[in-house]
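Architecture at a glance
Take a look at the letters that make up each chain.
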Amino acid sequence: QVQLVESGGGLVQAGGSLRLSCAASGRTSGVMGWFRQAPGKEREFVAAIKWSGETTYDLDPVKGRFTISRDNAKNTVSLQMNSLKPEDTAVYYCAARRGLGLSRQESLYDYWGQGTQVTVSS
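**Focus: the overall build of the chain**
What the chain contains, in helices and strands, is zero helices and eleven strands. Helices and strands in the chain line up, N terminus first, as β-β-β-β-β-β-β-β-β-β-β. C-alpha atoms of the chain, sized along the principal axes, occupy 40 × 25 × 25 Å. Relative to its full complement of 122 residues, the chain shows a buried share of 43%. Here the chain has roughly 6,400 Å² of accessible surface; of this, 46% comes from carbon and sulfur atoms. Looking at the chain, you have 14 positive and 11 negative side-chain charges, and the mean spots of the two groups are 5 Å apart.

**A few points about the sheet that holds strand S7 (residues 66-71)**
Two orientations exist for strands paired in a sheet by backbone hydrogen bonds: parallel and antiparallel. Spatially, S1-S3-S8-S7 is the arrangement adopted by the four strands of the open sheet, whose pairing is antiparallel. Two strands bound the open sheet, and with one partner strand each, they are strand S1 (3-7) and S7. Looking at each pair of strands side by side, their axes are set apart by 15° on average, direction ignored. Sheet topology note: the S1/strand S3 (residues 18-25) ladder contains five bridges and is antiparallel. Within the sheet, the bridge partner assigned to glutamine 3 lies in S3 and is serine 25.

Definitions and limits used
Position labels on residues start from 1 in each chain and follow its written sequence. The model is predicted, so local features are restricted to residues of pLDDT at least 70 and side-chain atom pairs to those at 80 or more, both for listing and for counting; the totals for chains, interfaces and linings are taken over all residues. Excluded from the side-chain calculations are hydrogens and water; all other atoms, namely the structure's heavy atoms, are used. A run of DSSP states H or I qualifies as a helix once it reaches four residues; a run of E qualifies as a strand once it reaches two. Both are numbered from the N-terminal end. When accessible area is computed with a 1.4 Å probe and restricted to protein chains, residues below 20% of their type maximum are described as buried, those above 50% as exposed, and intermediate ones as partly exposed. Methods summary: accessible areas were calculated by the Shrake-Rupley approach with a probe of 1.4 Å, and residue burial reflects only the protein chains presented. The positive count covers Lys and Arg only, the negative count covers Asp and Glu only, and His and the chain ends enter neither. A single reference atom marks each charge: NZ on Lys, CZ on Arg, CG on Asp, CD on Glu. We treat two strands as partners when DSSP finds at least two bridges between them. Lines fitted to C-alpha atoms define the axes, with helix axes restricted to the stretch in contact, and inter-axis angles between N-to-C directions lie between 0 and 180 degrees.

What follows is the structure, encoded as structure tokens:
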């Protein structure tokens, strides 16, 4: 069993930066990722990373502004978010899957954190 705990959310002005972290307990040699859910919207994929460091990102909304990374020794995954926009406001969730392939599908992730709120003011 893997438990995930996110941290680093908060309130930031548009154009600012935040760094989210996710600490995992238990074995996390598979893929880890970040999703987000804005008010009134479905949860959506943000980024994912393999044990090897290979990554994939959502399409236009975050690419070039967000960077996912992981520290395998510490069992953590991070999401560096730059040039934040009000539309990035959401609850951000860390997720992990036992499988080794990168995936944007929510249903393929086996473990989820409780989420951390990110609010970007205009």
